[in-house]
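Residue-level structural notes
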Amino acid sequence: MEVLIAIIKLIIVVTVLSVYVMYATWYERKVIGHMQQRIGPKRVGWHGLLQPIADTLKSFWKEDVIPEKADKPLFWLAPSIAATFPFAAAIAIPFAPPLHLANGKVFYFSVFHSKIDILYILGMMGLTSFGVLIAGIASGGSKYAFTGSQREAAQIVSYEAILALALLNPILMAHSLSLEKIVEAQRHLWFVFYQPFAFVAFVIAMIAATARIPFDLPEAEPELVAGHMTEFSGLKMGLFFFGQYVMIFVVSALASIVFLGGWTGPVLPGVVWYWIKILAFIFMYTWFWGTFPRYRYDQLMDIAWKALLPLMVLNILWTGFALAVGLPVL
Amino acid sequence: MEGIMFYIISAITVGGALGVLLSKNPYRAAMWMIFSFFGIAGLFVMLHAQFNAMLQIIVYAGAIAVMIMLVMMIMDRRTIETLKRFNSQFYWPALIGLALFADLAFLAYKFKIDTSNAGKNLAINGSNTQMIGEVLFKHYLLPFEVTAIILLVALIGAVVLTKKDIS
């Protein structure tokens, strides 16, 4: 019975996220369009609402070009890994607050629920970089793909460390690795007010870990064509985008749970609060895309290792000290 | 049920380890290694040690394997392709491995290991995140900190050694 429920939940989550990815592309094009005083997609369907479906159908019929020198099995493996692990991380994300049933049981709106949710999500996020790495290796010595994947791997490894360190402060305050317990600990005041530095570091690191503007060095068009995706075409390239958009959803949900109190909030019901916060983060991504220029690569590494890492270590020391002597943490 | 899961996971672990040894392409060997790490994480989960399982994935598969891949990407591609799978003295370690295997097989035979217990968690139960923290930071604080300093020394040593070449 439990297995059956889990399978049904899994199917629903994968379907919902796939539709979400399709409409996230539409939404981004629309928002960016209006930010730049254009109108964005408008022709297919009402306000271009059928555009993502048309795009998906088109990518199915694209010719699948595999370079002669490519490492064939790895060339197949790369896009599948890049799309699988973000979904693996997303199954631990709750889609709504847990439901307390009449017979004393709790119904969780996430496929996979454990005491170590945060570690699981971090682990799966770390593994997504392999899709990019393999894409670079499998492209058969294409310089753009190789450089792009090197950049992205180094970037993700650096910023995963910052992400984990920034998450450590709320974990210390909540005394738990489970998402429900962390939300529970924020009933009175959200952690963003206790830990403003950790929140800022987390937001910077989450943009860098998903490789979006202003940190989209791996796909910097003027230098690298399309980075690690240069040699991929059709559905294979689509899978990389799939992974990236699901990843954006995962880190947005994580940020809203850990720092903004998840489903706690006044007046409105919990689910509404929760989704307002997630959608605000997703909008923030698009907003940054429309407003910021791209950083240089050495600046990107400097931000991680010379600014954020010392700041986060000091922050953890302070949090630990304050918790040990019973001071209010700020 | 647990037994079947145990055999599948151990097949993943051993198969991944064999893949590391037998694949000629170093990148593929690294991929097999990650596959093997997944098997080890699965074994930890079967022992209800979820914390260790996730650390296995984050630290080994997520960080160390990425480092290995990055180092191989920075190396010259042609150098990597001319590397041999085994060097001329491969039979000595092979002999040691064989002896170890014989030893384990002998022990398994002598103590009559009960295969019906395969995959069952006979160790402690419950959350171990807290317990690991208590053991490390209460009973073994000094060794733990010394280990951290040793790692730091290795880190700084690596920086010093590589800096000299650049000058």
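Residues numbered from 1 in each chain as written. Chains lettered and ligands numbered in written order. Predicted model: local features only at pLDDT ≥ 70, side-chain atom pairs only at ≥ 80, totals over all residues. Heavy atoms only, no water.

**Some remarks on the overall build of chain A**
Across its full length, chain A carries 13 helices and two strands. Taking the principal axes of its C-alpha atoms as reference, chain A extends roughly 65 × 50 × 45 Å. Across the 330 residues in chain A, those meeting the buried criterion constitute 54%. Counting only carbon and sulfur atoms, one obtains 71% of the accessible surface of chain A, whose full area is about 15,300 Å². Each charge class in chain A was averaged separately, 22 positive and 19 negative side chains, and the resulting centres sit 6 Å apart. (Helix = DSSP H or I, 4+ residues; strand = E, 2+ residues; numbered from the N terminus. Buried < 20%, exposed > 50% of the residue type's maximum accessible area, 1.4 Å probe, protein only. Areas by Shrake-Rupley, 256 points an atom, 1.4 Å probe, with all protein chains shown as cover. Lys, Arg positive; Asp, Glu negative; His and termini not counted. Charge placed at Lys NZ, Arg CZ, Asp CG, Glu CD.)

**Describing the overall build of chain B**
Each helix and strand in chain B was counted, giving seven helices and zero strands. Secondary structure elements in chain B, listed N-terminal to C-terminal, are α-α-α-α-α-α-α. By sequence separation, contacts in chain B at least 24 residues apart represent 66% of the contacts at least 6 residues apart. Only carbon and sulfur atoms are counted for the fraction: they give 74% of the accessible area of chain B, which is about 12,300 Å². Once the 12 positive and 8 negative side-chain charges of chain B are each reduced to a mean point, those two points are 9 Å apart. (Contact = heavy atoms within 4.5 Å.)

**Section: the packing of aromatic side chains**
All names here are of chain A. Applying the stated rule across the entire model yields 26 aromatic pairs over all chains. Here the aromatic rings of phenylalanine 95 and phenylalanine 249 are separated by 5.6 Å at their centres, their planes lie at 40 degrees, and the arrangement is tilted. Of this pair, phenylalanine 95 sits in the loop between helix 3 (72–90) and strand 1 (99–100) while phenylalanine 249 sits in helix 11 (residues 234–258), placing them 154 residues apart in sequence. Overall, the relative accessible area of 15% leaves phenylalanine 95 in the buried class. You can call phenylalanine 249 buried: its relative accessible area is 2%. Here the aromatic rings of phenylalanine 215 and tyrosine 295 are separated by 5.3 Å at their centres, their planes lie at 15 degrees, and the arrangement is stacked. Residue phenylalanine 215 is found in the loop between helix 9 (196–209) and helix 10 (221–224), and its partner tyrosine 295 is found in the loop between helix 12 (270–291) and helix 13 (297–325); the two are separated by 80 residues along the sequence. Take phenylalanine 215: its relative accessible area is 4%, and that puts it in the buried class. The exposure class assigned to tyrosine 295 is partly exposed, which follows from its relative accessible area of 36%. Of note, lysine 236 hangs over the ring of tryptophan 76, and the distance from its end group to the ring centre comes to 4.1 Å. (Phe/Tyr/Trp six-rings, centres within 6.5 Å; stacked < 30°, edge-to-face > 60°. Lys NZ or Arg CZ within 6 Å of the ring centre and 35° of its normal.)

**Concerning the interface of chain A and chain B**
Of the residues lining the interface, 27 residues belong to chain A; the matching set on chain B comes to 24 residues. Summing both sides of the interface, chain A and chain B together bury roughly 2,100 Å²; the carbon and sulfur share of this comes to 82%. Applying the counting criterion to the chain A and chain B interface returns zero residue pairs in polar contact (both at pLDDT 80 or more). Listed by contribution, the elements that provide at least two residues to the side of chain A that touches chain B are helix 3, helix 4 (117–127), helix 5 (129–138) and helix 6 (143–174) of chain A. When its residues are assigned to classes, the side of chain A that touches chain B shows 19 nonpolar, six polar and two charged. (Buried area = accessible area lost by both parts, 1.4 Å probe. Polar contact = N/O pair within 3.5 Å; in protein donor to acceptor, adjacent residues only side chain to side chain. Nonpolar A, V, L, I, M, F, W, Y, C, P; charged D, E, K, R; others polar.)

**Examining the packing of helix 1 (residues 2–22) of chain B against helix 2 (residues 26–46) of chain B**
Residues and elements named next belong to chain B. Here helix 1 crosses helix 2 at 155 degrees, and the two axes come no closer than 7 Å. The pairing of helix 1 with helix 2 is recorded here as roughly antiparallel in orientation. In terms of crossing hand, the pair formed by helix 1 and helix 2 is left-handed. Where helix 1 abuts helix 2, its residues Glu2, Met5, Phe6, Ile9, Ile12, Thr13, Gly15, Gly16, Ala17, Gly19 and Val20 lie against Ala29, Trp32, Met33, Phe35, Ser36, Gly39, Ile40, Gly42, Leu43 and Met46. Across the contact of helix 1 with helix 2, the residue classes tally to 13 nonpolar, seven polar and one charged. (Axes fitted to C-alpha atoms, helices over the stretch in contact; angles between N-to-C directions. Parallel < 35°, antiparallel > 145°, perpendicular 65-115°, else oblique. Left-handed = near helix turned anticlockwise from the far one by under 90°.)

**Focus on helix 3 of chain A**
The α-helix advances 3.6 residues per turn, and as a result positions three or four apart in sequence lie on the same side. With 19 residues, helix 3 of chain A extends 29 Å from end C-alpha to end C-alpha; this agrees with the ideal 27 Å at 1.5 Å per step. In the structure, helix 3 of chain A departs most strongly from a straight axis at A:Ile81, where the bend amounts to approximately 25 degrees. (Expected span 1.5 Å × (residues − 1). Bend = angle between axes of the 7 residues up to and from the residue.)

**Quick word on the confidence of the model for chain A**
When pLDDT is averaged along chain A, the result is 84; 98% of the residues meet or exceed 70. When pLDDT is averaged over each element of chain A, helix 9 of chain A comes out on top at 89 and helix 10 of chain A at the bottom at 69. (pLDDT = per-residue confidence, 0-100.)

**With respect to the side chain of A:Thr264**
All names here are of chain A. For threonine 264, the position within the fold is in the loop between helix 11 and helix 12. For threonine 264, a relative accessible area of 13% puts it in the buried group. Within the structure, the side chain of threonine 264 is placed 3.2 Å from the side chain of tryptophan 190, a separation counted as a polar contact. Within the local environment of threonine 264, its side chain forms a polar contact with the backbone oxygen of glycine 261, the two atoms lying 2.7 Å apart.

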